[in-house]
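Okay, here's what each chain looks like letter by letter:
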Amino acid sequence: MGRTKTIALALLAAFAATTVSAAGAQTLAALPAPSPSAQTLSAAKPLAAWAAFCQRYASECAIDANEPNRISLTPATWATIAAVNRRVNKSLQAVTDMEHWGVQDRWDLAEDGAGDCEDYQLLKRKLLAEAGLPRRAMRMTVVIDEKGEGHAVLALVTDRGDFILDNKTSEILAWHRTGYVFIKRESADAVAWVSLGGVTSPVTTANR
């Protein structure tokens, strides 16, 4: 069994109990308030590190047009999302790609239990897809963070708006409440990227 699958199975087992217990209190669980979705504009150029990742993990980038392009949020689904987000944030060791691999930017699945921002989000997407959420509605997204640096987050496109999974916080926020400048994200219709209106695109997403 590969290292990635071992980590994924361990994390899924760990949050399964949380999800089950949360299911018993579904009537009390509060879904996020509806909010506007981010508007996608023209085509955008993907990062080179993303293109290299897709060559290594083609299934993680593939688009299945038969999948829904939005997640229908229920209390149980929201509990699963929150559990995966929290546990991945706690389980991985934050390390830059230069420290980890000796290169400025490399996208990966945190196969050895360590990684930087995009690796956290890619592992979250993998686990959420294995839990039954449509990968097509979970889009890797590039932003400019509070330090003015390139940063990667995972946008969940839902029937209540777009919500962001981030390794800097385990609080799941509507995209417009993060304080980030949104640059671009993966398209839901092709193996490509689309602009979100931010003007200056970073070359890398190399911070922790």
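Residues numbered from 1 in each chain as written. Predicted model: local features only at pLDDT ≥ 70, side-chain atom pairs only at ≥ 80, totals over all residues. Heavy atoms only, no water.

1. A look at the confidence of the model for the chain
The condition that has to hold: Note on scores: pLDDT gives the predictor's confidence for each residue, bounded by 0 and 100. Contact between two residues is taken to exist if any of their heavy atoms lie within 4.5 Å; hydrogens are not considered.
Across the chain, pLDDT averages 87, with 81% of residues at or above 70. Per-residue pLDDT stays below 50 along residues 15-28; that stretch engages in 11 contacts with residues further than four places along the chain or on separate chains.

2. Concerning the pairing of strand S5 (residues 150-158)
Test applied: To sort residues, take the accessible area from a 1.4 Å probe on protein chains only and compare it with the maximum for the residue type: under 20% means buried, over 50% means exposed, and anything in between is partly exposed. A run of H or I in DSSP becomes a helix once it reaches four residues, and a run of E becomes a strand once it reaches two; helices and strands are each numbered from the N terminus. Two strands pair if DSSP finds at least two bridges between them.
Within S5, nine of the nine residues are buried, which leaves it mostly tucked inside the rest of the structure. As paired elements, strand S4 (residues 138-144) and S5 share seven bridges and run antiparallel to each other. Along S5, the bridge assignment pairs Met 138 with Leu 156. Connecting S4 to the next strand, S5, in antiparallel fashion are five residues, including Gly 148 with a positive phi near 80°. Sheet analysis places S5 next to strand S6 (residues 161-165), joined by five bridges and oriented antiparallel. Paired with Leu 154 across the two strands is Leu 165, which belongs to S6.

3. Describing the state of the cysteines
Inclusion rule: By convention in this document, the label disulfide applies to cysteine sulfur atom pairs within 2.5 Å.
Across all of its chains, the model carries one disulfide by this definition. In this model Cys 54 forms its disulfide with Cys 61; the gap between the sulfur atoms is 2.0 Å. Looking along the S-S bond of the Cys 54-Cys 61 disulfide, the torsion reads about -85°, which is the left-handed sense. Residue Cys 54 is classed as buried on the basis of its relative accessible area, which comes to 12%.

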